[in-house]
Amino acid sequence: LFRKKVFYHEHGIAWHNPDKNQIIYKKRIEDVDVIIVNSYASKKLLKEKYKIKKKINVLRSPIHLFEENKNNIKDDPYLKYNFKSLKSIKITIGFLGRLEKHKNPIYLINVANYLKNKYGILVKIEFIGNGPEVKSLERFADLSNIETNFLGLVENRRSIVKNWHFGIVPSLREPLGLVQGELALMGTICLASEIDGIPELFPEECNYLKIKMLKKEEPISGFQNYQYLPSLNSFSKGLKPDVKDCSEKIAFLIENPETCKKLLKEHRIFLKNNFSIESHFESLRKIIYK
């Protein structure tokens, strides 16, 4: 616009095969005055893999639950974590997001199998969202004999999520991701892949909720993206979240409900203090009008 700078908001396209798309991407932003990315992981990708010399501003997306404004919800999110025993317990684990390969929803069924086989914990899985992986997930759940509900798109996510014991965000790639924060604010503790920008939505006090990433020898089919490991400050390929690590953390939290409640509380405080619309708007003003 006349007398306005040209902005480019990087939400994730840069993560698609940087080796192949470097020339195209540089051409895309050559006339841009201001670059905004939504995570420190994306900023590092642009600097190290695309060799972008321009200043890159980080403005992480805010988290807002429309359900809270609409329904004025005042539920106690901690009551469901009064677990009595690890034996013969049944829990609900949920996934919120698009059901596609890089979101890795099949991971939840693998975790449910591990918990059932090692600990005798029965798991019900609920998927909120649609996508191309629905049919294969249905088949795998049937073969594994895991109770699974596919709820599609729902108007009031909070009415369902508040009943989950654990949410999992097992993405293979995620520039930032908001689901891990949304789940916590809706009253459900969330474990998530320690990859790309996902850990930026967790405080240090909640490092336990980050799922360890393992390097797989076989290539991930159709996946040509770099993955960033914040804990090692390096990029890699072929990483997947460890099923054993996540499953054993869930079992530990069931046996230690006070730790579970403490982690959820710390996460919710961090999100409310750092991801409000108000603070996001103020940060955006500083970028535009500096």
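Quick summary incoming for the structure in this document. Quick caveat, the model's predicted, so the values are computed rather than measured.

## A few points about the sheet that holds strand E5 (residues 122–128)
Part 1 of the reasoning: Judged by pairing direction, the sheet is parallel, and its six strands sit side by side in the order E6-E5-E4-E7-E8-E9 without closing on themselves. Of all the strands in the sheet, the pair left with one neighbour each is strand E6 (147–152) and strand E9 (210–211).
Part 2 of the reasoning: For strand E7 (residues 166–169) and strand E8 (residues 189–193), the ladder comprises four bridges, and the chain directions are parallel. When the bridges of E8 are listed, Ile-168 appears paired with Leu-191.

## Describing the packing of aromatic side chains
Part 1 of the reasoning: Under the counting rule described, the total for this entry stands at eleven aromatic pairs.
Part 2 of the reasoning: A centroid spacing of 4.7 Å and a plane angle of 40 degrees characterise the contact between Tyr-25 and Tyr-50, whose relative ring orientation is tilted. Linking Tyr-25 in helix H1 (residues 18–28) with Tyr-50 in the loop between helix H2 (40–48) and strand E3 (56–58), this pair joins segments that are 25 residues apart in sequence. Each member of the pair, Tyr-25 as well as Tyr-50, is classed as buried.

## Details of the pairing of E5
Part 1 of the reasoning: For E5, the buried fraction is high: five of the seven residues fall into the buried class.
Part 2 of the reasoning: Bridge count for strand E4 (residues 90–96) against E5 is seven bridges, and the pairing is parallel. Bridge pairing links Ile-91 to Val-123 in E5.
Part 3 of the reasoning: In this fold, E4 hands off to helix H4 (residues 106–119), which returns the chain to E5; that crossover is right-handed.

So, how was this worked out
- Residues numbered from 1 in each chain as written.
- Predicted model: local features only at pLDDT ≥ 70, side-chain atom pairs only at ≥ 80, totals over all residues.
- Heavy atoms only, no water.
- Pairing = 2+ DSSP bridges.
- Helix = DSSP H or I, 4+ residues; strand = E, 2+ residues; numbered from the N terminus.
- Phe/Tyr/Trp six-rings, centres within 6.5 Å; stacked < 30°, edge-to-face > 60°.
- Buried < 20%, exposed > 50% of the residue type's maximum accessible area, 1.4 Å probe, protein only.
- Right-handed = clockwise from strand over helix to strand, strands pointing away.

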